[in-house]
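# Understanding the architecture of this molecule
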Amino acid sequence: MALETLSPDWEFDRLDDGSQKIHAEVQLKNYGKFLEEYTSQLKRIEDALDDSVGDVWDFSLDPIALKLLPYEQSSLLELIKTENKVLNKVITVYAALCCEIKKLKYEAETKFYNGLLFYGEGATDSSMSEGDCQIQMGRFVSFLQELSCFVTRCYEVVVNVVHQLAVLYTSNKNAPKIIETSGVHFQAMYEHLGELLTVLITLDEIIDNHATLKDHWTMYKRLLKSVHHNPSKFGIQEDKLKPFEKLLLKLESQLLDGMIFQACIEQQFDSLNGGVSVSKNSTFAEEFAHTLRTAFASVEARLGEPSEIDQRDKYVGICGLFVLHFQIFRTIDKKFYKSLLDVCKKVPAITLTANIIWFADNFLIQKIPAAAKLLDKKSIHAVKTQRENFLQQKAQSLTKDMQSYYVFVSSWMTKVESLFSKEQRTTKFSEDLTNRCNVFIQGFLYAYSLSTIIKTTMNLYMSMQKPMTKTSVKALCRLVELLKAIEHMFYRRSMVVADSVTHITQHLQYQALHSISVAKKRVISDKKYSEQRLDVLSALVLAENTLNGPSTKQRRLIVSLALSVGTQMKTFKDEELIPLQLVLKKLDLISELTERIRAQCDCCFLYWHRAVFPIYLDDVYENAVDSARLHYMFSALRDCVPAMMHARHLESYEVLLECYDKEIMEVLNEHLLDKLCKEIEKDLRLSVHTHLKLDDRNPFKVGMKDLAHFFFLNPIRFFNRFIDIKAYVTHYLDKTFYNLTTVALHDWATYSEMRNLATQRYGLSMTEAHLPSQTLEQGLDVLEIMRNIHVFVSRYLYNLNNQIFIERTSNNKHLNTINIRHIANSIRTHGTGIMNTTVNFTYQFLRKKFYIFSQFMYDEHIKSRLIKDIRFFREVKDQNDHKYPFERADKFNRGIRKLGITPDGQSYLDQFRQLISQIGNAMGYVRMIRSGGLHCCSSAIRFVPDLEDIVNFEELVKEEGLSEETQKAARQLDSVLSDLTRNFAEGTEYFKMLVDVFAPEFRSPKNMHLRNFYIIVPPLVSVHIAPALQKTLLRSGLCSNVFIQSRSLMMGLPWVSFSLWVSQPNGYLQGKFCLYFVCSHSLKFQNLIGFVLALSVREKYVKEIRAVAKQQNVQSTNQDEKLLQTMNLTHKRLEVCLQVQHGPGYLSW
């Protein structure tokens, strides 16, 4: 049956009709077309990004990042393939266990550590109400249950690892031997087991140091006890409560009692059914002890050295393995135990995670008390003393270390830039790769050293509860900046790093393959085959095959396990093995370079030391030249965010993030931004007001702080925002200048100058405030005047001709004025509807004043005198040619003055005159409202070309067939134009309205006493004449001591000075005319005008002038010069008075 031996595809392969070639050409053509389209697409993306594409990446702005961790989908079974089936199984089992441990460790570091550490954060004691603690713990119980399952799984893995090793290294001669293990040491297995024990130790330390967690747990148990007594009250079934209580007791005993690690090592490692014997396995015990000593010798040599990479973490694992070894085999190597303790003198404390610090001496003494008894107390005390001495020495040397590392890191960054800026030489490609590899490793070593110094120092201070000096805080913050600078350097050069890492990895794999191939040839050349030699050969082949591929964690783990078998029987010479181990260590580091850099530069621990942030900001403010370092510190603070996302005690981790964000921003505002704003404002003010006598600002005497460096910073990224210091200060200055300008408009020029100075000196792009808006004459608002109309009419004086109000007196350097333009602006602001409201309110005020006016006229003292004067004038008017005697008016005034005067010397007639002036001012205000409304309407309608011919927009829109919304808008426009046109053409006759409202009541028979008002006018005129003459005499220098009293009769006279104009307002005239019209006295008033114009004042002054002239003639004969000079002055004064009395319009009021 020869056909059965042939391949089933033989017949098809034999027949070649060219179809395969055609198919291959089609596929190749399609692939070429795809590449062309993809290339053009990338080109379009590059053109769109333009200048933002480059070799240098921005840590704060880039939305993407490169992840360089090698990855493949091959499983362990696919990778571990040799002809040696037994070796395959051994390597596969050990590799699977190591991968399981790595996954458990990653889960612990990302999820459980952070969940425990951040419990209780995000809420202060003051903000938490009663019951919040129990609520938080209630949310956290599910997390503790997950942690319990995780710990249980860790226990199972530890037992499994121990069993697998015990089976391989068995001392039972009757048991079948799996492989020859005489020279095989699976160092990687013990390292991974130590890592898992370190996880359990860390969990114990976190819970032991978490007082809040324990307190809340106790309060939660008390709550549960209360629920147990009355479950129906809380809506809980009693049968479900007991299992929950059992669960809580299990969680407490397993997790919260600090026995996680202890319970792990106290497990039953010997199989009860006689399967695997561990505790009595002497071979395994010796192998365990030998591996521990070998690992410790490797770790101890590099602890505290500049080349230290991860030896501290391995030391913790070695201590855990040592305790496990003692617990299983109950034997102890005193010398090795003492060596472990001696390391504490060199490394007094180790940071496990975040702020959790671990002391090896306490751990070893606590876990192995029997061995601790063998040590003398002095050596134990010496370790603790060394710890304190270490902290003191570190505090003293921090500044020096910071300066040294500053030089190291700066030179390293310069070297990186120089190395990456050069093109790789094809002739010396290997040398270039070696240099780049060494530079990468050097950067990682610096990062590890800086991270170790910062964490150890800060956590030791916190653990020992000793205060840090400001100098130490500043030095540590500088080290944090250097640490983040290293991370940023790797990120900035992500493109070059990504390219270099791939080539370096391949180069290191080539070197390792070369060494293995040499050893493999040496094994093959030896013709003495044995099972052990075959195992070695198979292991070398497995390592060789595994290295031919991506440098993933699984492949490197398999290589490490395979070489544990392949290095026995002196396969490698000493000069070959050490370089191979070094190459593999480099391969491990380079393959995980970005992840390791990120882990070492992770500053999540700063959350627990954020109390140093205010001191750091104060230092940055004092040293503004180095302000760019703020980016590094905020990058460090941002590292806390991913860890916070694992918080489970709050409704959402967003609450914790919000609290953290708020706290950091408050500190930043208080210690930097607000201080910076105030200092900039102070500097601008002092610079603008240099003409004043200020403090000495000589920079050579008081120093100089250049704060402009803060404004050259790029925006700082923090959470989901960018903190732009320049924009913040600019906004503060804009807001301050605007608000202060609105308060004091006359200072607008000062703030404008400060704004320009801020732009010139600090480069701030200030916003123009546009204050004052074109004019400073803002005046009082119509609504403000309306609300205080009683104050307004008494404090302001009215000019009838110019329609302007001016303040009577003021404590300021200026007087406020109100004119038509101000009223128009207010109407434009509030709308025309305010006019009727204002007029109505003013008329309500006038009604009260009219009532006082009526009461005064009805008074018996006033009414009787007026009736007597009316009778007297009727008797003498024909004799005096209708002239009202001056003496009679003066007599009336003296009679009124006898009734009483106010403390400031005013009589009832003066107060009555002020009442009339206030009524006139109110009417003047109404008049100004009407004029302001017309002015506003004229300003609004000025854009209408022809008021006589205004088109109808609604009709035009309908003709064009536009939409309903457009027709509605056109209809509204027609309505507005119609209202404006009507208001502009007509206006409102407010005076006519006043007369129509009040005249019927004033003219009624019950108010007959008001008709006597006309006869009181002459006395009021005489009250005005005397002060006016006194003013004129003062101005002419003929009177040095006169009594000046404000009057409101003579205003608007072109020949009267401004001072006289201010003291003689027109409000009185306005009020008097109003009262005459209301009281229907127009006829009698016109008759009165004649005798007032012909008032006998002139005759009085003419008689006095003649008398003085007669006395001068008499005295000229007596030759008395002094008396003659007095007579001349008197004569001149009387002439001035007579001239004033004849002035244009003086009495034509």
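Keep in mind that this is a model prediction, so the values were computed, not measured.

### Some points on the overall build of the chain
- Of the regular secondary structure elements, the chain holds 45 helices and seven strands.
- Within the chain, the proportion of its 1149 residues that are buried is 46%.
- Approximately 61000 Å² of the chain is accessible, and the part contributed by carbon and sulfur atoms is 53%.

### Here we look at the packing of aromatic side chains
- Taken as a whole, this structure holds 40 aromatic pairs when the rule is applied.
- In this structure an aromatic cluster arises from ring pairing among Phe-118, Tyr-607, Trp-608, Phe-613, Tyr-616, Phe-634, Tyr-660, Phe-718 and Phe-719.
- For Arg-610, the ring lying beneath its charged end belongs to Tyr-607, and the centroid distance is 4.1 Å.

### Focus on the environment of Ile-1015
- When you line up the elements, Ile-1015 lands in the loop between helix H39 (990-1002) and helix H40 (1017-1036).
- Each C-alpha atom of the pair Ile-1015 and Leu-866 lies 6.5 Å from the other, and the pair is 149 residues apart in sequence.
- Discounting chain neighbours no more than four positions away, the residues touching Ile-1015 are Leu-866, Asp-869, Ile-870 and Tyr-884.

### Notes on the sheet that holds strand S5 (residues 796-799)
- Strand order in the open sheet formed by three strands is S5-S6-S7, with antiparallel pairing between adjacent strands. Of all the strands in the sheet, the pair left with one neighbour each is S5 and strand S7 (817-818).
- As paired strands, strand S6 (residues 804-807) and S7 are joined by two bridges and run antiparallel to one another. Paired with Phe-805 across the bridge in S7 is Ile-818.

### Things to note about the pairing of strand S1 (residues 350-353)
- As defined by bridge partners, S1 adjoins strand S2 (residues 356-358) across three bridges and the pair is classed as antiparallel. Looking at the pairing, Ile-350 lines up with Trp-358 of S2.
- Between S1 and S2, which follow one another and run antiparallel, lie two residues, and Ala-354 among them has a positive phi close to 50°.

### As for the side chain of Ser-591
- Topologically, Ser-591 is positioned in helix H21 (residues 574-591).
- There is a polar contact of 2.6 Å between the side chain of Ser-591 and the side chain of Ser-551.
- In this structure the side chain of Ser-591 is engaged in a polar contact, spanning 2.7 Å, whose partner is the backbone oxygen of Leu-587.
- Setting aside residues up to four positions removed in sequence, Ser-591 forms contacts with Leu-68, Leu-69, Pro-70, Thr-505, Ser-551 and Arg-556.

### Some thoughts on the pairing of S6
- Pairing between S5 and S6: four bridges, direction antiparallel. Across the sheet, Leu-797 pairs through a bridge with Ile-806, a residue of S6.
- Connecting S5 to the next strand, S6, in antiparallel fashion are four residues, including Gln-803 with a positive phi near 50°.

### Digging into the nonpolar core
- In terms of nonpolar packing, the biggest core is built from 235 residues, with Phe-186, Tyr-315, Leu-630 and Ile-725 touching the most fellow members.
- Discounting residues that sit within four places of it in the chain, Leu-630 has contacts with Tyr-616, Leu-617, Val-620, Leu-672, Phe-710, Leu-713, Ile-716 and Ile-725.
- Core analysis: the next-biggest nonpolar cluster, separate from the first, contains 55 residues, Tyr-798, Leu-846, Ile-919 and Leu-1075 among them.

### Some points on helix H8 (residues 238-256)
- The terminal C-alpha atoms of H8 lie 26 Å apart, and with 19 residues this matches the ideal 27 Å at 1.5 Å per residue to within 8%.
- Of all the positions in H8, only Leu-241, Leu-248, Leu-251, Glu-252, Gln-254, Leu-255 and Leu-256 are classed as buried.
- Packing partners of the buried residues in H8 comprise helix H5 (132-168), helix H6 (187-208), helix H7 (211-229) and helix H9 (260-265).
- Directly after H8, the chain includes Gly-258, whose backbone phi takes a positive value near 70°.

### A few points about unusual backbone geometry
- Positive phi, close to 55°, is recorded for Gln-465, a residue that is not glycine.
- Along the polypeptide, Gln-465 turns up in the loop between helix H16 (429-463) and helix H17 (470-492).
- For Gln-803, which is not a glycine, the phi torsion comes out positive at approximately 50°.
- Tracing the chain through its elements places Gln-803 in the loop between S5 and S6.
- Using a relative accessible area of 12% as the deciding quantity, one classes Gln-803 as buried.

### Description of a positive patch on the surface
- Taken together, the side chains of Lys-868, Arg-871, Lys-891 and Lys-898 make up a positively charged region of the molecular surface.
- Going through the elements one at a time, helix H34 (860-876) and helix H35 (886-898) are the ones with two or more residues in the positive patch.
- Along the chain, Lys-898 turns up in helix H35.
- Lys-898 sits in the exposed class, given a relative accessible area of 74%.

### Notes on a nonpolar patch on the surface
- Together, Leu-28, Tyr-31, Phe-34, Leu-35, Tyr-38, Leu-42 and Ile-45 make up an exposed nonpolar region whose accessible area comes to about 720 Å².
- Relative accessible area serves as the criterion here: at 47%, Phe-34 is assigned to the partly exposed category.

### A few points about the pattern of salt bridges
- Inspection of every chain in the model, using the stated rule, returns 41 salt bridges.
- With a closest N to O distance of 3.9 Å, Lys-105 and Glu-195 form a salt bridge. Here Lys-105 is found in helix H4 (residues 85-117), whereas its partner Glu-195 is found in helix H6, with 90 residues between them in sequence.
- Owing to a relative accessible area of 24%, Lys-105 belongs among the partly exposed residues under this scheme.
- Taking the shortest distance from any N to any O, the salt bridge between Arg-492 and Glu-417 comes out at 2.8 Å. Here Glu-417 lies in helix H15 (residues 377-421) and Arg-492 lies in helix H17, a separation of 75 residues in the sequence.
- Classification of Arg-492 as partly exposed rests on a relative accessible area of 29%.
- Overall, Glu-417 belongs to the partly exposed group, its relative accessible area being 23%.

### Details of the environment of Thr-759
- Along the chain, Thr-759 turns up in helix H29 (residues 748-762).
- Along the sequence, Thr-759 and Thr-730 sit 29 residues apart, while their C-alpha atoms lie 9.7 Å from each other.

### So, the confidence of the model for the chain
- Mean pLDDT over the chain works out to 83, with 85% of the residues at or above the 70 mark.
- Counting contacts from residues 1038-1064, a segment whose pLDDT is below 50, to residues more than four positions away or on other chains yields 80 contacts.
- Contacts of residues 1089-1094 to residues separated by more than four positions or lying in other chains number 10 contacts, the stretch itself having pLDDT below 50.

### Quick look at the side chain of Ser-627
- As for its position among the elements, Ser-627 is in the loop between helix H23 (613-622) and helix H24 (630-638).
- In this structure, Ser-627 is in contact with Val-620, His-709, Phe-710 and Leu-713, ignoring residues within four places of it in sequence.

### Remarks on the environment of Ala-475
- Along the chain, Ala-475 turns up in helix H17.
- Measuring from C-alpha to C-alpha, the distance between Ala-475 and Met-402 comes to 6.1 Å, with 73 residues separating the pair along the chain.
- Not counting residues up to four positions away in its chain, the partners in contact with Ala-475 are Leu-398, Thr-399 and Met-402.

### Let's talk about the packing of helix H11 (residues 311-329) against helix H12 (residues 334-346)
- The geometry of H11 relative to H12 is characterised by a closest axis approach of 12 Å and an angle of 150° between their N-to-C directions. Viewed along their axes, H11 and H12 adopt a mutual orientation that is roughly antiparallel. H12 is crossed by H11, and the crossing has left-handed handedness. Together, Tyr-315, Ile-318, Cys-319 and Phe-322 of H11 and Phe-336, Tyr-337, Leu-340, Val-343 and Cys-344 of H12 make up the contact between the two elements.
- Of the residues belonging to the contact of H11 with H12, the class tally is nine nonpolar, no polar and no charged.

### What about H11?
- Relative to the 27 Å expected for 19 residues at 1.5 Å per residue, H11 spans 26 Å between its end C-alpha atoms, a close match to the ideal helical length.
- Extensive coverage of H11 is indicated by the burial of 17 of its 19 residues.
- Positive phi shows up at Arg-330, right after H11, with a value of about 55°.

### Examining the packing of helix H26 (residues 653-688) against helix H28 (residues 725-743)
- Following both chains from N to C, one finds H26 and H28 inclined at 50°, their axes separated by 10 Å at the closest point. The pairing of H26 with H28 is recorded here as oblique in orientation. At the point where H26 passes H28, the crossing takes the right-handed sense. Along its contact with H26, which presents Asn-669, Leu-672, Leu-673, Asp-674, Leu-676, Cys-677, Lys-678, Ile-680, Glu-681, Leu-684 and Arg-685, the element H28 presents Ile-725, Tyr-728, Val-729, Tyr-732, Leu-733, Thr-736, Phe-737 and Leu-740.

Conventions used here
- Residues numbered from 1 in each chain as written.
- Predicted model: local features only at pLDDT ≥ 70, side-chain atom pairs only at ≥ 80, totals over all residues.
- Heavy atoms only, no water.
- Helix = DSSP H or I, 4+ residues; strand = E, 2+ residues; numbered from the N terminus.
- Buried < 20%, exposed > 50% of the residue type's maximum accessible area, 1.4 Å probe, protein only.
- Areas by Shrake-Rupley, 256 points an atom, 1.4 Å probe, with all protein chains shown as cover.
- Phe/Tyr/Trp six-rings, centres within 6.5 Å; stacked < 30°, edge-to-face > 60°.
- Lys NZ or Arg CZ within 6 Å of the ring centre and 35° of its normal.
- Contact = heavy atoms within 4.5 Å.
- Pairing = 2+ DSSP bridges.
- Polar contact = N/O pair within 3.5 Å; in protein donor to acceptor, adjacent residues only side chain to side chain.
- Core = buried A, V, L, I, M, F, W, Y, C linked by side-chain atoms within 4.5 Å.
- Expected span 1.5 Å × (residues − 1).
- Patch = residues over 30% accessible without salt bridge, like charges linked within 9 Å, V, L, I, M, F, W, Y side chains within 5 Å.
- Salt bridge = Lys/Arg side-chain N within 4 Å of Asp/Glu carboxyl O.
- Lys, Arg positive; Asp, Glu negative; His and termini not counted.
- Charge placed at Lys NZ, Arg CZ, Asp CG, Glu CD.
- pLDDT = per-residue confidence, 0-100.
- Axes fitted to C-alpha atoms, helices over the stretch in contact; angles between N-to-C directions.
- Parallel < 35°, antiparallel > 145°, perpendicular 65-115°, else oblique.
- Left-handed = near helix turned anticlockwise from the far one by under 90°.
- Nonpolar A, V, L, I, M, F, W, Y, C, P; charged D, E, K, R; others polar.

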